[in-house]
Amino acid sequence: VETWVYSDLFENEVAGAEGLGISDIMWDCHINHYAGYWWEDNVQLGVAQYLAILGWDVDSWDSGVTIAETEDMSWDELTPQQQAAAMQVCYH
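Now for a look at the structure at hand. (Residues numbered from 1 in each chain as written. Predicted model: local features only at pLDDT ≥ 70, side-chain atom pairs only at ≥ 80, totals over all residues. Heavy atoms only, no water.)

### Details of helix α6 (residues 80–88)
Part 1: Listing the buried residues of α6 in full gives Q82, Q83, A85 and A86. Across the axial projection of α6, the buried residues extend over an arc of 165 degrees, all falling on one side. In α6, the exposed positions that point more than 90 degrees away from the buried face belong to P80 and Q81.
Part 2: Buried-residue contacts for α6 involve α4 (48–53).
Part 3: Immediately downstream of α6, the backbone of C90 shows phi near 65 degrees, a positive value. (Buried < 20%, exposed > 50% of the residue type's maximum accessible area, 1.4 Å probe, protein only. Helix = DSSP H or I, 4+ residues; strand = E, 2+ residues; numbered from the N terminus. Arc of directions from axis to C-beta. Contact = heavy atoms within 4.5 Å.)

This is how it looks when you write it as structure tokens:
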């Protein structure tokens, strides 16, 4: 369920999220980290720039064939710039 964007959740899942105080914006950032969106959607949402700093691009994001090197890094292995970008997509 964490890989789904909020708008794709079933009614009972939305009710459960709302019961926990989780809004659509909170879900898409803190739970999904925008992974359920296509790259162009993330451009429109203003988060693609942060994903790019983390090593993603349209091809790797949309195809899922390759993953960004940062996916296998711990927080301490990220550069300060990568940590700041990760925080913008609710990793902290």
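Now, onward.
### Describing the state of the cysteines
Part 1: For the structure shown, the criterion picks out one disulfide.
Part 2: Note on cysteine connectivity: C29 is disulfide-linked to C90, with sulfurs 1.8 Å apart. Between C29 and C90, the S-S dihedral sits near 95 degrees, and the bridge is therefore right-handed. A residue pair is termed long-range when its members are at least 10 positions apart, and C29 in helix α2 (residues 24–31) and C90 in the segment after α6 qualify at 61 residues.
Part 3: Overall, the relative accessible area of 5% leaves C29 in the buried class. (Disulfide = S-S within 2.5 Å.)

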